[in-house]
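Chain and residue survey
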Amino acid sequence: MPINAPLDLATMSMTEVVRALKEQHVPPVEKWNPAHCGDSEMRIARDGSWYHQGTLIGRPEMVRLFSTILRREPDGRFVLVTPGEKLDIAVDDAPFLAVEVKSDGTGTDRRLAFRLNTGDFVVAGPINRLCFAVGENGPHPRLSVRSGLDALIARPVYYELVEMALSDQTDPPGVWSQGAFFAMTA
């Protein structure tokens, strides 16, 4: 998958999404344990924008690259890690943003694929769970991406999920994906 031309989830079949998932490469950051070197002076804003020393990182290729070496530490901190160094990175909310959803099937047979702001794909299910918490400003839906890293679900995507839940008429309201049910309750 070319990182400079994000694939359009709306035009992809679920087979193409699964193929793109297999082509995604994330280094084995959980196996790297270098010494802590300091602060990266980077921040991921709530809207998924990445900043270095207060300046927006405007190149999607750079954001994609940095996102592949992002890790969450057992103490909750976020770090950028390579085999040789580990640097803190500030994250305002979640490090990723789910910006698009594709639904394949209905009810218990549904599969929900999400495109993240980094161009990566995630299919919700038993491993990549959806969570519908309520924050101080209303719904705070999230998607588990990998190893303690979550994506905040963008408001338009959340509304699509609500529409699916309402049309499925489940009690409690919620959505299915890969055989797992995700209730839209806190």
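Note that the structure is predicted; figures quoted are calculated from it, not measured.

Here we come to helix α3 (residues 155-168). Each α-helix turn comprises 3.6 residues. Residues three or four places apart therefore point the same way. Along its 14 residues, α3 runs 20 Å from first to last C-alpha, staying within 8% of the 20 Å computed at 1.5 Å per residue. In this fold, the buried residues of α3 make contact with β7 (96-104), β8 (111-116), β10 (130-135), β11 (138-146), β12 (149-153) and β13 (174-177). In the segment just after α3, Gln-169 is the residue with positive phi, at about 55 degrees.

This part takes up the sheet that holds strand β1 (residues 36-44). An order of β3-β2-β1-β6-β5-β4 is seen for the six strands of this open sheet, with the pairing classed as mixed. Where the open sheet ends on each side, the last strands, each with one partner, are β3 (55-56) and β4 (70-72). When strand β5 (residues 78-81) meets strand β6 (residues 86-91), the two strands line up antiparallel, connected through three bridges. Note on β6: the bridge partner recorded for Val-79 is Asp-88.

The next subject is helix α2 (residues 60-68). For α2, the complete set of buried residues consists of Val-63, Arg-64, Ser-67 and Thr-68. Summarising the axial view, the buried residues of α2 lie within an arc of 135 degrees, below the 170-degree limit, and thus occupy one face.

Residues Ala-180 and Phe-182 line the buried face of strand β14 (residues 180-183), whereas the alternating positions Phe-181 and Ala-183 sit on a face that is not buried. The turn joining β13 and β14, which pair antiparallel and follow one another in sequence, is formed by two residues; a positive phi near 50 degrees is taken by Gln-178.

Taken over all residues, the pLDDT of the protein has a mean of 89, while the share at 70 or more is 87%. Contacts for the low-pLDDT stretch residues 1-5, under 50 throughout, to residues beyond four places or in other chains number ten contacts.

What counts and how
Residues numbered from 1 in each chain as written. Predicted model: local features only at pLDDT ≥ 70, side-chain atom pairs only at ≥ 80, totals over all residues. Heavy atoms only, no water. Helix = DSSP H or I, 4+ residues; strand = E, 2+ residues; numbered from the N terminus. Expected span 1.5 Å × (residues − 1). Contact = heavy atoms within 4.5 Å. Pairing = 2+ DSSP bridges. Buried < 20%, exposed > 50% of the residue type's maximum accessible area, 1.4 Å probe, protein only. Arc of directions from axis to C-beta. pLDDT = per-residue confidence, 0-100.

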